[in-house]
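# Inside the fold
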2 protein chains.
Amino acid sequence: MSGGVVRVAVDIVIFTLREGVLQVLLIRRGVPPFKGKWAFPGGFVEEAESLDAAALRELEEETGVSDVYLEQLYSFGDPKRDPRGRVLSISYFALLSSERELRSGTDAVDARWFPAYDAPRLAFDHRKILDYALVRLRYKLEWTTVGFELLPKKFTLTELQRVFEAVLGRKLDKRNFRRKILKLEILRALDERQRVGVQRPARLYKFSATEFEKLRGRGMIFPF
Amino acid sequence: MSGGVVRVAVDIVIFTLREGVLQVLLIRRGVPPFKGKWAFPGGFVEEAESLDAAALRELEEETGVSDVYLEQLYSFGDPKRDPRGRVLSISYFALLSSERELRSGTDAVDARWFPAYDAPRLAFDHRKILDYALVRLRYKLEWTTVGFELLPKKFTLTELQRVFEAVLGRKLDKRNFRRKILKLEILRALDERQRVGVQRPARLYKFSATEFEKLRGRGMIFPF
DNA sequence: CCAAAAGTGTTGGTTTTACACCCATGG
DNA sequence: CCATGGGTGTAAAACCAACACTTTTGG
(Lines give C-alpha, C1' and ligand atoms only; values in the text may rest on other atoms or scores of the structure.)
Protein backbone atom coordinates (compact mmCIF):
# COMPACT_ATOMS: atom_id res chain seq x y z
CA MET A 1 0.00 0.00 0.00
CA SER A 2 1.49 3.26 -1.17
CA GLY A 3 0.48 6.01 -3.54
CA GLY A 4 0.86 9.72 -3.78
CA VAL A 5 -1.52 11.91 -1.96
CA VAL A 6 -3.62 14.17 -4.07
CA ARG A 7 -6.27 16.79 -3.62
CA VAL A 8 -9.48 16.26 -5.52
CA ALA A 9 -11.71 18.98 -6.88
CA VAL A 10 -14.93 18.94 -8.81
CA ASP A 11 -15.52 21.40 -11.64
CA ILE A 12 -18.96 21.90 -13.06
CA VAL A 13 -19.86 22.97 -16.56
CA ILE A 14 -23.33 24.45 -16.24
CA PHE A 15 -25.22 24.94 -19.46
CA THR A 16 -28.40 26.83 -20.03
CA LEU A 17 -30.22 28.43 -22.91
CA ARG A 18 -30.80 32.20 -22.91
CA GLU A 19 -32.18 34.08 -25.88
CA GLY A 20 -31.80 31.01 -28.01
CA VAL A 21 -28.08 30.75 -27.31
CA LEU A 22 -26.37 27.97 -25.44
CA GLN A 23 -24.61 29.55 -22.49
CA VAL A 24 -22.18 28.39 -19.87
CA LEU A 25 -21.66 29.76 -16.38
CA LEU A 26 -18.21 31.06 -15.52
CA ILE A 27 -16.81 32.56 -12.35
CA ARG A 28 -14.04 35.07 -12.23
CA ARG A 29 -11.25 33.95 -9.96
CA GLY A 30 -10.53 36.36 -7.13
CA VAL A 31 -7.32 34.72 -6.00
CA PRO A 32 -4.22 33.32 -7.62
CA PRO A 33 -3.49 31.24 -9.55
CA PHE A 34 -5.20 32.60 -12.64
CA LYS A 35 -6.56 35.54 -10.64
CA GLY A 36 -8.99 37.52 -12.76
CA LYS A 37 -9.43 34.69 -15.26
CA TRP A 38 -12.72 32.93 -15.83
CA ALA A 39 -13.20 29.38 -14.63
CA PHE A 40 -15.91 26.89 -13.93
CA PRO A 41 -17.59 26.80 -10.56
CA GLY A 42 -16.19 24.05 -8.39
CA GLY A 43 -14.15 23.28 -5.35
CA PHE A 44 -12.51 20.60 -3.31
CA VAL A 45 -14.20 17.39 -2.36
CA GLU A 46 -14.67 17.11 1.38
CA GLU A 47 -13.94 14.27 3.74
CA ALA A 48 -16.53 11.54 3.56
CA GLU A 49 -18.33 13.14 0.65
CA SER A 50 -18.98 11.34 -2.60
CA LEU A 51 -18.00 12.97 -5.87
CA ASP A 52 -21.61 13.48 -6.90
CA ALA A 53 -22.40 15.00 -3.52
CA ALA A 54 -19.48 17.38 -3.84
CA ALA A 55 -20.66 18.50 -7.26
CA LEU A 56 -24.19 19.07 -6.00
CA ARG A 57 -22.90 20.98 -2.99
CA GLU A 58 -20.67 23.25 -5.05
CA LEU A 59 -23.50 23.85 -7.49
CA GLU A 60 -25.79 24.87 -4.67
CA GLU A 61 -23.15 26.99 -2.97
CA GLU A 62 -22.11 28.88 -6.06
CA THR A 63 -25.41 29.29 -7.85
CA GLY A 64 -28.15 28.58 -5.32
CA VAL A 65 -29.74 25.97 -7.56
CA SER A 66 -30.40 22.37 -6.67
CA ASP A 67 -32.39 19.58 -8.26
CA VAL A 68 -30.75 19.86 -11.64
CA TYR A 69 -29.53 17.41 -14.21
CA LEU A 70 -25.96 16.51 -13.34
CA GLU A 71 -23.60 13.90 -14.67
CA GLN A 72 -19.94 13.11 -14.36
CA LEU A 73 -17.93 14.05 -17.41
CA TYR A 74 -14.28 13.11 -17.18
CA SER A 75 -11.35 13.24 -14.80
CA PHE A 76 -8.37 15.39 -15.59
CA GLY A 77 -5.19 14.47 -13.82
CA ASP A 78 -2.22 16.03 -15.52
CA PRO A 79 0.20 16.58 -12.62
CA LYS A 80 0.93 20.10 -13.87
CA ARG A 81 -2.62 21.22 -14.47
CA ASP A 82 -2.65 23.26 -11.26
CA PRO A 83 0.42 25.31 -10.37
CA ARG A 84 -0.34 24.94 -6.66
CA GLY A 85 0.39 21.25 -6.72
CA ARG A 86 -1.32 18.03 -7.47
CA VAL A 87 -5.04 18.64 -7.91
CA LEU A 88 -7.25 16.17 -9.69
CA SER A 89 -10.31 17.62 -11.36
CA ILE A 90 -13.41 15.49 -11.62
CA SER A 91 -15.51 17.41 -14.10
CA TYR A 92 -19.28 17.37 -14.21
CA PHE A 93 -21.80 18.83 -16.52
CA ALA A 94 -25.13 20.23 -15.48
CA LEU A 95 -28.16 21.45 -17.40
CA LEU A 96 -30.26 24.27 -16.09
CA SER A 97 -33.70 24.91 -17.44
CA SER A 98 -34.04 28.28 -19.06
CA GLU A 99 -36.54 29.71 -16.62
CA ARG A 100 -34.39 29.14 -13.55
CA GLU A 101 -32.56 32.00 -12.00
CA LEU A 102 -29.29 31.96 -10.15
CA ARG A 103 -29.38 33.05 -6.55
CA SER A 104 -29.47 36.81 -6.58
CA GLY A 105 -26.59 36.85 -4.12
CA THR A 106 -24.41 35.66 -6.96
CA ASP A 107 -22.50 38.78 -7.79
CA ALA A 108 -22.94 39.68 -11.44
CA VAL A 109 -19.33 40.76 -11.65
CA ASP A 110 -18.01 37.43 -10.45
CA ALA A 111 -20.40 35.01 -12.10
CA ARG A 112 -21.63 35.43 -15.66
CA TRP A 113 -23.19 33.52 -18.48
CA PHE A 114 -21.12 33.32 -21.66
CA PRO A 115 -22.05 31.85 -25.01
CA ALA A 116 -20.74 28.29 -24.82
CA TYR A 117 -19.41 28.44 -28.35
CA ASP A 118 -17.70 31.77 -27.75
CA ALA A 119 -16.24 31.63 -24.28
CA PRO A 120 -13.34 33.77 -23.07
CA ARG A 121 -9.93 32.41 -22.18
CA LEU A 122 -10.26 30.06 -19.24
CA ALA A 123 -8.12 29.25 -16.24
CA PHE A 124 -6.30 25.93 -15.77
CA ASP A 125 -7.20 23.33 -18.38
CA HIS A 126 -10.82 24.41 -18.35
CA ARG A 127 -10.86 24.99 -22.08
CA LYS A 128 -10.35 21.26 -22.56
CA ILE A 129 -13.14 20.55 -20.11
CA LEU A 130 -15.48 22.85 -21.98
CA ASP A 131 -14.71 21.24 -25.32
CA TYR A 132 -15.31 17.85 -23.86
CA ALA A 133 -18.58 18.95 -22.30
CA LEU A 134 -19.80 20.33 -25.61
CA VAL A 135 -19.05 17.09 -27.40
CA ARG A 136 -20.89 15.17 -24.73
CA LEU A 137 -23.86 17.52 -24.73
CA ARG A 138 -24.27 17.36 -28.51
CA TYR A 139 -24.10 13.64 -28.45
CA LYS A 140 -26.53 13.20 -25.57
CA LEU A 141 -28.98 15.65 -27.06
CA GLU A 142 -29.36 13.47 -30.11
CA TRP A 143 -29.43 10.12 -28.37
CA THR A 144 -31.06 10.71 -25.04
CA THR A 145 -33.69 12.94 -23.55
CA VAL A 146 -31.40 15.41 -21.78
CA GLY A 147 -32.61 18.16 -24.10
CA PHE A 148 -35.73 18.58 -21.99
CA GLU A 149 -33.58 19.58 -19.04
CA LEU A 150 -32.85 22.87 -20.75
CA LEU A 151 -36.54 23.77 -20.95
CA PRO A 152 -39.28 24.57 -18.46
CA LYS A 153 -41.78 21.83 -17.61
CA LYS A 154 -44.13 23.09 -20.30
CA PHE A 155 -42.75 24.11 -23.65
CA THR A 156 -43.70 24.48 -27.27
CA LEU A 157 -42.27 22.40 -30.06
CA THR A 158 -40.56 25.45 -31.47
CA GLU A 159 -38.80 26.04 -28.15
CA LEU A 160 -37.64 22.46 -28.19
CA GLN A 161 -36.38 22.89 -31.72
CA ARG A 162 -34.45 25.99 -30.66
CA VAL A 163 -32.68 23.93 -28.01
CA PHE A 164 -31.55 21.43 -30.61
CA GLU A 165 -30.47 24.15 -32.99
CA ALA A 166 -28.53 26.07 -30.35
CA VAL A 167 -26.68 23.01 -29.16
CA LEU A 168 -26.03 21.43 -32.53
CA GLY A 169 -25.22 24.71 -34.17
CA ARG A 170 -27.36 24.23 -37.26
CA LYS A 171 -30.87 24.89 -38.46
CA LEU A 172 -33.32 22.03 -38.50
CA ASP A 173 -36.35 21.52 -40.70
CA LYS A 174 -39.51 22.26 -38.75
CA ARG A 175 -41.65 19.52 -40.26
CA ASN A 176 -39.02 16.82 -40.00
CA PHE A 177 -38.14 17.83 -36.47
CA ARG A 178 -41.72 17.67 -35.31
CA ARG A 179 -42.41 14.36 -36.96
CA LYS A 180 -39.31 12.82 -35.42
CA ILE A 181 -39.97 14.07 -31.90
CA LEU A 182 -43.64 13.17 -31.93
CA LYS A 183 -42.95 9.70 -33.27
CA LEU A 184 -40.90 8.97 -30.15
CA GLU A 185 -44.11 9.31 -28.15
CA ILE A 186 -42.35 10.87 -25.20
CA LEU A 187 -44.37 14.09 -25.19
CA ARG A 188 -47.81 14.73 -23.83
CA ALA A 189 -49.71 17.45 -25.63
CA LEU A 190 -51.45 19.79 -23.22
CA ASP A 191 -54.65 21.67 -23.83
CA GLU A 192 -52.92 24.91 -23.00
CA ARG A 193 -51.43 27.29 -25.52
CA GLN A 194 -48.77 29.90 -25.13
CA ARG A 195 -48.67 33.20 -26.90
CA VAL A 196 -45.14 34.40 -27.59
CA GLY A 197 -45.66 37.39 -29.81
CA VAL A 198 -48.56 38.69 -31.80
CA GLN A 199 -49.11 35.54 -33.80
CA ARG A 200 -51.05 32.32 -33.42
CA PRO A 201 -50.48 30.80 -29.95
CA ALA A 202 -48.45 27.62 -29.81
CA ARG A 203 -49.54 24.40 -28.20
CA LEU A 204 -47.72 23.43 -25.01
CA TYR A 205 -46.26 19.98 -24.39
CA LYS A 206 -44.68 18.28 -21.49
CA PHE A 207 -42.12 15.54 -21.34
CA SER A 208 -43.73 12.27 -20.41
CA ALA A 209 -41.45 10.13 -18.28
CA THR A 210 -43.61 7.05 -18.51
CA GLU A 211 -43.28 6.88 -22.27
CA PHE A 212 -39.60 7.56 -21.81
CA GLU A 213 -39.25 4.46 -19.67
CA LYS A 214 -40.61 2.37 -22.51
CA LEU A 215 -37.91 3.73 -24.75
CA ARG A 216 -35.19 2.82 -22.28
CA GLY A 217 -36.55 -0.70 -22.25
CA ARG A 218 -36.24 -0.83 -26.00
CA GLY A 219 -32.59 0.12 -25.70
CA MET A 220 -33.10 3.34 -27.57
CA ILE A 221 -31.70 5.52 -24.87
CA PHE A 222 -28.06 5.26 -24.04
CA PRO A 223 -27.30 5.24 -20.35
CA PHE A 224 -24.39 7.65 -20.42
CA MET B 1 -7.61 26.64 -0.48
CA SER B 2 -8.55 23.56 1.45
CA GLY B 3 -9.85 20.12 0.65
CA GLY B 4 -9.56 16.63 1.96
CA VAL B 5 -6.60 14.58 0.99
CA VAL B 6 -7.31 11.47 -0.96
CA ARG B 7 -5.40 8.63 -2.50
CA VAL B 8 -6.06 7.97 -6.14
CA ALA B 9 -5.91 4.60 -7.84
CA VAL B 10 -6.49 3.48 -11.39
CA ASP B 11 -8.34 0.26 -12.11
CA ILE B 12 -8.24 -1.26 -15.55
CA VAL B 13 -10.87 -3.42 -17.16
CA ILE B 14 -8.99 -5.37 -19.81
CA PHE B 15 -11.10 -7.11 -22.40
CA THR B 16 -10.05 -9.63 -24.95
CA LEU B 17 -11.65 -12.31 -27.07
CA ARG B 18 -10.66 -15.94 -26.55
CA GLU B 19 -12.46 -18.84 -28.21
CA GLY B 20 -15.14 -16.49 -29.38
CA VAL B 21 -15.95 -15.34 -25.85
CA LEU B 22 -15.47 -11.87 -24.47
CA GLN B 23 -13.14 -12.18 -21.52
CA VAL B 24 -11.91 -9.90 -18.80
CA LEU B 25 -8.66 -10.10 -16.86
CA LEU B 26 -8.92 -10.42 -13.09
CA ILE B 27 -6.26 -10.67 -10.41
CA ARG B 28 -6.69 -12.48 -7.16
CA ARG B 29 -5.91 -10.26 -4.22
CA GLY B 30 -3.14 -11.60 -2.00
CA VAL B 31 -3.63 -9.12 0.80
CA PRO B 32 -6.55 -7.65 2.72
CA PRO B 33 -8.97 -6.11 2.22
CA PHE B 34 -10.86 -8.61 0.07
CA LYS B 35 -7.96 -11.05 0.28
CA GLY B 36 -8.57 -13.98 -2.05
CA LYS B 37 -11.22 -12.11 -4.01
CA TRP B 38 -10.87 -11.23 -7.68
CA ALA B 39 -10.31 -7.64 -8.72
CA PHE B 40 -9.17 -5.61 -11.68
CA PRO B 41 -5.51 -4.90 -12.16
CA GLY B 42 -4.62 -1.43 -10.98
CA GLY B 43 -2.77 0.54 -8.40
CA PHE B 44 -2.05 3.93 -7.00
CA VAL B 45 -1.19 6.89 -9.13
CA GLU B 46 2.33 8.10 -8.47
CA GLU B 47 3.65 11.56 -7.85
CA ALA B 48 3.96 13.58 -11.02
CA GLU B 49 2.27 10.93 -13.12
CA SER B 50 -0.80 11.59 -15.22
CA LEU B 51 -3.81 9.34 -14.89
CA ASP B 52 -3.31 7.89 -18.36
CA ALA B 53 0.34 7.24 -17.60
CA ALA B 54 -0.57 5.48 -14.40
CA ALA B 55 -3.03 3.26 -16.22
CA LEU B 56 -0.45 2.40 -18.88
CA ARG B 57 2.18 1.68 -16.25
CA GLU B 58 -0.08 -0.61 -14.24
CA LEU B 59 -1.12 -2.38 -17.39
CA GLU B 60 2.49 -2.98 -18.33
CA GLU B 61 3.47 -4.01 -14.78
CA GLU B 62 0.66 -6.45 -14.29
CA THR B 63 0.34 -7.96 -17.75
CA GLY B 64 3.51 -7.11 -19.64
CA VAL B 65 1.57 -5.56 -22.50
CA SER B 66 1.90 -2.05 -23.81
CA ASP B 67 0.66 -0.26 -26.88
CA VAL B 68 -2.99 -1.14 -26.38
CA TYR B 69 -6.23 0.67 -26.76
CA LEU B 70 -6.97 2.43 -23.49
CA GLU B 71 -9.57 4.95 -22.48
CA GLN B 72 -10.83 6.44 -19.28
CA LEU B 73 -14.14 5.08 -18.15
CA TYR B 74 -15.47 6.73 -15.03
CA SER B 75 -14.36 7.84 -11.59
CA PHE B 76 -15.77 6.17 -8.53
CA GLY B 77 -15.53 8.14 -5.34
CA ASP B 78 -17.86 6.76 -2.74
CA PRO B 79 -16.02 7.51 0.51
CA LYS B 80 -16.74 4.01 1.79
CA ARG B 81 -15.73 2.09 -1.33
CA ASP B 82 -12.41 1.06 0.20
CA PRO B 83 -12.35 -0.02 3.85
CA ARG B 84 -8.76 1.23 4.21
CA GLY B 85 -9.84 4.83 3.83
CA ARG B 86 -10.49 7.31 1.15
CA VAL B 87 -9.40 5.91 -2.20
CA LEU B 88 -10.68 7.31 -5.45
CA SER B 89 -10.76 4.88 -8.34
CA ILE B 90 -10.27 6.22 -11.83
CA SER B 91 -11.37 3.33 -13.98
CA TYR B 92 -10.07 2.62 -17.45
CA PHE B 93 -10.94 0.13 -20.07
CA ALA B 94 -8.46 -1.53 -22.39
CA LEU B 95 -8.84 -3.77 -25.40
CA LEU B 96 -6.30 -6.46 -26.12
CA SER B 97 -6.12 -8.08 -29.50
CA SER B 98 -6.79 -11.76 -29.39
CA GLU B 99 -3.37 -12.90 -30.50
CA ARG B 100 -1.50 -11.09 -27.75
CA GLU B 101 -0.22 -13.03 -24.79
CA LEU B 102 0.25 -11.84 -21.27
CA ARG B 103 3.76 -11.90 -19.90
CA SER B 104 4.50 -15.48 -18.99
CA GLY B 105 5.67 -14.32 -15.57
CA THR B 106 2.05 -13.56 -14.82
CA ASP B 107 1.18 -16.37 -12.50
CA ALA B 108 -1.82 -18.30 -13.75
CA VAL B 109 -3.12 -18.66 -10.23
CA ASP B 110 -3.14 -14.96 -9.56
CA ALA B 111 -4.23 -13.58 -12.91
CA ARG B 112 -6.89 -15.21 -15.03
CA TRP B 113 -9.25 -14.51 -17.87
CA PHE B 114 -12.93 -14.84 -17.04
CA PRO B 115 -15.93 -14.58 -19.33
CA ALA B 116 -16.96 -10.95 -19.07
CA TYR B 117 -20.63 -11.85 -18.93
CA ASP B 118 -20.04 -14.48 -16.27
CA ALA B 119 -17.46 -13.07 -13.89
CA PRO B 120 -17.02 -14.20 -10.28
CA ARG B 121 -17.77 -12.02 -7.28
CA LEU B 122 -15.46 -9.04 -7.32
CA ALA B 123 -13.68 -7.02 -4.65
CA PHE B 124 -14.60 -3.42 -3.77
CA ASP B 125 -17.16 -1.89 -6.13
CA HIS B 126 -15.57 -3.59 -9.11
CA ARG B 127 -18.82 -5.21 -10.16
CA LYS B 128 -20.19 -1.75 -10.85
CA ILE B 129 -17.09 -0.90 -12.83
CA LEU B 130 -17.44 -4.03 -14.92
CA ASP B 131 -21.07 -3.33 -15.69
CA TYR B 132 -20.21 0.16 -16.72
CA ALA B 133 -17.35 -1.04 -18.90
CA LEU B 134 -19.62 -3.52 -20.67
CA VAL B 135 -22.18 -0.85 -21.44
CA ARG B 136 -19.47 1.38 -22.81
CA LEU B 137 -17.89 -1.39 -24.86
CA ARG B 138 -21.18 -2.41 -26.45
CA TYR B 139 -21.96 1.13 -27.31
CA LYS B 140 -18.55 1.92 -28.75
CA LEU B 141 -18.48 -1.24 -30.77
CA GLU B 142 -21.54 -0.16 -32.67
CA TRP B 143 -20.63 3.47 -33.11
CA THR B 144 -16.88 3.59 -33.39
CA THR B 145 -14.10 1.43 -34.69
CA VAL B 146 -12.85 0.03 -31.38
CA GLY B 147 -13.93 -3.43 -32.46
CA PHE B 148 -10.77 -3.79 -34.51
CA GLU B 149 -8.68 -3.48 -31.35
CA LEU B 150 -9.85 -6.93 -30.33
CA LEU B 151 -8.48 -8.51 -33.51
CA PRO B 152 -5.03 -9.06 -35.00
CA LYS B 153 -3.88 -6.72 -37.77
CA LYS B 154 -5.20 -9.10 -40.40
CA PHE B 155 -8.53 -10.76 -39.90
CA THR B 156 -11.39 -12.34 -41.79
CA LEU B 157 -14.88 -10.92 -41.91
CA THR B 158 -16.15 -13.87 -39.98
CA GLU B 159 -13.69 -13.14 -37.19
CA LEU B 160 -14.89 -9.57 -37.11
CA GLN B 161 -18.46 -10.75 -36.95
CA ARG B 162 -17.57 -13.02 -34.01
CA VAL B 163 -16.26 -9.97 -32.14
CA PHE B 164 -19.53 -8.17 -32.62
CA GLU B 165 -21.54 -11.20 -31.62
CA ALA B 166 -19.48 -11.89 -28.52
CA VAL B 167 -19.72 -8.31 -27.29
CA LEU B 168 -23.33 -7.69 -28.19
CA GLY B 169 -24.43 -11.11 -27.04
CA ARG B 170 -26.53 -11.97 -30.06
CA LYS B 171 -26.18 -13.59 -33.45
CA LEU B 172 -25.91 -11.35 -36.48
CA ASP B 173 -26.90 -12.05 -40.06
CA LYS B 174 -23.82 -12.76 -42.13
CA ARG B 175 -24.97 -11.01 -45.28
CA ASN B 176 -26.26 -7.92 -43.54
CA PHE B 177 -23.15 -7.70 -41.39
CA ARG B 178 -20.80 -7.88 -44.34
CA ARG B 179 -22.73 -5.37 -46.37
CA LYS B 180 -22.81 -2.91 -43.51
CA ILE B 181 -19.11 -3.20 -42.68
CA LEU B 182 -17.96 -3.04 -46.28
CA LYS B 183 -20.14 -0.05 -47.02
CA LEU B 184 -18.23 1.92 -44.38
CA GLU B 185 -15.15 1.58 -46.59
CA ILE B 186 -12.81 1.30 -43.65
CA LEU B 187 -11.40 -2.10 -44.59
CA ARG B 188 -8.75 -2.96 -47.13
CA ALA B 189 -9.15 -6.38 -48.67
CA LEU B 190 -5.83 -8.21 -48.87
CA ASP B 191 -4.81 -10.75 -51.47
CA GLU B 192 -4.04 -13.25 -48.75
CA ARG B 193 -6.39 -15.91 -47.51
CA GLN B 194 -6.50 -17.75 -44.27
CA ARG B 195 -7.48 -21.36 -43.81
CA VAL B 196 -9.14 -22.00 -40.48
CA GLY B 197 -10.33 -25.60 -40.81
CA VAL B 198 -10.81 -27.92 -43.70
CA GLN B 199 -13.06 -25.63 -45.66
CA ARG B 200 -12.70 -22.84 -48.19
CA PRO B 201 -10.07 -20.31 -47.06
CA ALA B 202 -11.33 -16.89 -46.07
CA ARG B 203 -10.10 -13.60 -47.40
CA LEU B 204 -8.08 -11.44 -45.02
CA TYR B 205 -8.76 -7.77 -44.45
CA LYS B 206 -7.07 -5.02 -42.56
CA PHE B 207 -8.44 -1.93 -40.95
CA SER B 208 -7.65 1.12 -43.03
CA ALA B 209 -7.05 4.18 -40.91
CA THR B 210 -7.11 6.60 -43.81
CA GLU B 211 -10.66 5.67 -44.74
CA PHE B 212 -11.52 5.85 -41.07
CA GLU B 213 -10.37 9.44 -40.92
CA LYS B 214 -12.82 10.33 -43.67
CA LEU B 215 -15.60 8.89 -41.58
CA ARG B 216 -14.60 10.96 -38.58
CA GLY B 217 -14.79 14.02 -40.77
CA ARG B 218 -18.31 13.11 -41.78
CA GLY B 219 -19.23 12.93 -38.11
CA MET B 220 -20.06 9.27 -38.31
CA ILE B 221 -17.68 8.27 -35.57
CA PHE B 222 -18.27 9.46 -32.09
CA PRO B 223 -15.17 10.68 -30.31
CA PHE B 224 -15.74 8.94 -26.98
C1' DC C 1 -18.63 -36.95 -52.83
C1' DC C 2 -19.00 -35.15 -48.18
C1' DA C 3 -18.50 -31.75 -44.53
C1' DA C 4 -17.64 -27.21 -43.34
C1' DA C 5 -17.44 -22.52 -43.51
C1' DA C 6 -17.02 -18.72 -47.29
C1' DG C 7 -19.34 -15.96 -50.03
C1' DT C 8 -23.20 -13.64 -52.35
C1' DG C 9 -28.82 -10.55 -53.79
C1' DT C 10 -33.43 -9.45 -53.50
C1' DT C 11 -37.49 -7.72 -51.53
C1' DG C 12 -40.51 -5.15 -48.41
C1' DG C 13 -40.77 -2.07 -44.84
C1' DT C 14 -39.01 1.83 -42.45
C1' DT C 15 -36.58 5.96 -42.04
C1' DT C 16 -34.75 10.11 -43.67
C1' DT C 17 -34.54 14.09 -46.41
C1' DA C 18 -36.03 17.89 -49.16
C1' DC C 19 -39.39 20.94 -49.90
C1' DA C 20 -44.02 25.20 -49.58
C1' DC C 21 -48.27 26.60 -48.24
C1' DC C 22 -52.34 27.74 -45.21
C1' DC C 23 -53.79 29.03 -40.31
C1' DA C 24 -54.76 31.73 -36.18
C1' DT C 25 -54.03 35.75 -33.87
C1' DG C 26 -53.61 40.94 -32.51
C1' DG C 27 -53.07 45.21 -34.05
C1' DC D 1 -55.77 43.17 -44.12
C1' DC D 2 -51.12 42.66 -42.57
C1' DA D 3 -47.31 40.61 -40.07
C1' DT D 4 -45.84 36.85 -37.44
C1' DG D 5 -44.69 32.46 -36.24
C1' DG D 6 -47.75 27.89 -35.81
C1' DG D 7 -48.89 24.07 -38.02
C1' DT D 8 -49.22 20.49 -41.70
C1' DG D 9 -48.06 16.24 -46.21
C1' DT D 10 -45.78 14.00 -49.89
C1' DA D 11 -42.43 11.87 -52.79
C1' DA D 12 -37.75 10.06 -53.60
C1' DA D 13 -33.76 8.08 -51.67
C1' DA D 14 -31.36 5.66 -48.30
C1' DC D 15 -31.33 2.30 -45.01
C1' DC D 16 -32.51 -1.95 -42.54
C1' DA D 17 -34.22 -6.74 -41.70
C1' DA D 18 -35.35 -11.06 -43.22
C1' DC D 19 -34.27 -14.74 -45.81
C1' DA D 20 -31.21 -19.58 -48.79
C1' DC D 21 -28.32 -21.20 -51.93
C1' DT D 22 -23.74 -21.87 -54.37
C1' DT D 23 -18.58 -22.06 -53.89
C1' DT D 24 -14.19 -23.68 -52.39
C1' DT D 25 -11.47 -26.61 -50.07
C1' DG D 26 -9.36 -31.12 -47.75
C1' DG D 27 -10.09 -35.52 -46.63
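For the structure, check the block above.
Analysis parameters
Position numbers for residues count from 1 along each chain, tracking the sequence in the order it is written. To label them, take the chains in the order written and letter them from A, then take the ligands in the order written and number them from 1. A pLDDT threshold of at least 70 governs which residues receive local features in this predicted model, and a stricter bar of 80 or more applies before side-chain atom pairs are shown or counted, although totals over entire chains, interfaces and linings include all residues. With hydrogens and water excluded, all non-hydrogen atoms of the structure serve as input to the side-chain values. The copies are overlaid by a least-squares fit using only the C-alpha atoms of residues whose pLDDT is at least 70 in both copies. In this description, contact between two residues means that some pair of their heavy atoms is separated by no more than 4.5 Å. Strand pairing requires that DSSP identify at least two bridges connecting the strands. A run of H or I in DSSP counts as a helix once it spans at least four residues, and a run of E counts as a strand once it spans at least two, with each numbered from the N terminus. A pairing counts as a salt bridge when a side-chain nitrogen of Lys or Arg comes within 4 Å of a carboxyl oxygen of Asp or Glu. Under the rule applied, a polar contact is a pair of N or O atoms within 3.5 Å (in protein, one hydrogen donor and one hydrogen acceptor; residues adjacent in sequence only if both atoms are side-chain atoms). Each residue is assigned to one class: nonpolar for Ala, Val, Leu, Ile, Met, Phe, Trp, Tyr, Cys and Pro, charged for Asp, Glu, Lys and Arg, and polar for all the others, Gly among them. For this purpose, a residue is taken to be near a molecule or strand whenever a single non-hydrogen atom of the residue falls within 4 Å of it. Relative accessibility thresholds used throughout: buried, under 20% of the residue-type maximum; exposed, over 50%; partly exposed, between the two (1.4 Å probe, protein chains only). Expected helix span is taken as 1.5 Å per residue step, with the number of steps being one fewer than the number of residues.

The operation relating the two chain copies consists of a rotation about an axis and a shift along that axis. Of the transformation placing chain A onto chain B, the axial shift is 0.0 Å and the rotation is 180°, giving an RMSD of 0.0 Å. What the superposition gives is, in effect, a two-fold axis relating one chain to the other. Closest approach to the rotation axis among the C-alpha atoms of chain A is made by V6 of chain A, whose C-alpha sits 2.8 Å away. Comparing interface residues between copies, 100% of those in chain A also lie at the interface in chain B; the contact surface is shared.

Turning next to the sheet that holds strand β8 (residues 154-155) of chain A. Residue and element names in this part refer to chain A. The strand order across the open sheet built from three strands is β8-β10-β9, with neighbouring strands paired in antiparallel fashion. Every interior strand has two partners, whereas the edge strands, β8 and β9 (187-194), have only one. One ladder, built from two bridges, connects β8 with strand β10 (residues 202-207); its direction is antiparallel. What sits directly across from F155, in β10, is Y205.

This paragraph deals with the interface of chain A and chain B. Between chain A and chain B, the residue contacts involve 36 residues of the former and 36 residues of the latter. At the junction of chain A with chain B, the criterion picks out zero salt bridges. Inspection of the chain A/chain B interface yields eight residue pairs in polar contact (both at pLDDT 80 or more). Mapped onto the side of chain A that touches chain B, the elements with two or more residues apiece are β1 (5-18), α1 (51-63), β5 (69-76), β6 (87-95) and α2 (126-143) of chain A. Ranked by residues supplied to the side of chain A that touches chain B, first place goes to α2 of chain A with five residues. Considered class by class, the residues forming the side of chain A that touches chain B number 20 nonpolar, seven polar and nine charged. Bridging between β1 of chain A and strand β1 (residues 5-18) of chain B involves three bridges; their strand directions are antiparallel. Bridge pairing in β1 of chain B links V6 of chain A to V6 of chain B.

It is possible for side chains bearing opposite charge to pair when their charged atoms get close. Residues and elements named next belong to chain B. This model, assessed by the stated rule, comprises 26 salt bridges over all chains. The salt bridge involving R170 is made with E142; its shortest N-O contact spans 3.8 Å. With a gap of 28 residues between them, R170 in the loop between α3 (157-168) and α4 (174-183) and E142 in helix α2 (residues 126-143) connect regions that are remote in the sequence. Taking the shortest distance from any N to any O, the salt bridge between R162 and E165 comes out at 2.9 Å.

We now examine the protein's contact with DNA strand D. Around DNA strand D, 19 residues are found, and the nearest of them are K174, Q199 and R203 of chain A together with N176 and R200 of chain B. When atoms of DNA strand D within 4 Å of the protein are sorted by moiety, sugar and phosphate together comprise 40%. With respect to DNA strand D, the side chain of R200 of chain B contributes an N or O atom lying 3.0 Å from a base oxygen. Only α4 (174-183) and β10 of chain A together with α4 of chain B provide two or more residues apiece to the surface near DNA strand D. Among the residues making up the surface near DNA strand D, the classes are represented as four nonpolar, four polar and eleven charged.

Around DNA strand C there are 19 residues in total, and N176 of chain A together with T158, K174, Q199 and R203 of chain B lie nearest to it. Take the atoms of DNA strand C that sit within 4 Å of the protein: sugar and phosphate atoms are 42% of them. One nitrogen or oxygen atom from the side chain of N176 of chain A is found 3.0 Å from a base nitrogen belonging to DNA strand C. One of the side-chain N or O atoms of R200 of chain A is found 3.3 Å from a base oxygen in DNA strand C. Elements represented by at least two residues in the surface near DNA strand C include exactly α4 of chain A together with α4 and β10 (202-207) of chain B. Of the residues contributing to the surface near DNA strand C, the split by class is four nonpolar, four polar and eleven charged.

Time to look at the pairing of β5 of chain A. Working note: regular strand, side chains alternate between the two faces of the sheet. Residues and elements named next belong to chain A. Burial analysis of β5 places seven of its eight residues in the buried class, the great majority of the element. Both β5 and β6 contribute to a ladder of seven bridges, which runs antiparallel. Bridging from a neighbouring strand, Y74 pairs with S91 of β6.

All names here are of chain B. A rise of 1.5 Å per residue sets the reference length of helix α1 (residues 51-63), with its 13 residues, at 18 Å; its end C-alpha atoms lie 18 Å apart and thus fit the reference within 8%. Among the residues making up α1, those that are buried are L51, A54, A55, R57, E58, L59 and T63. Trailing α1 by a residue or two, G64 shows a phi angle of about 80°, which is positive.

So yeah, pure geometry; function would need other evidence.
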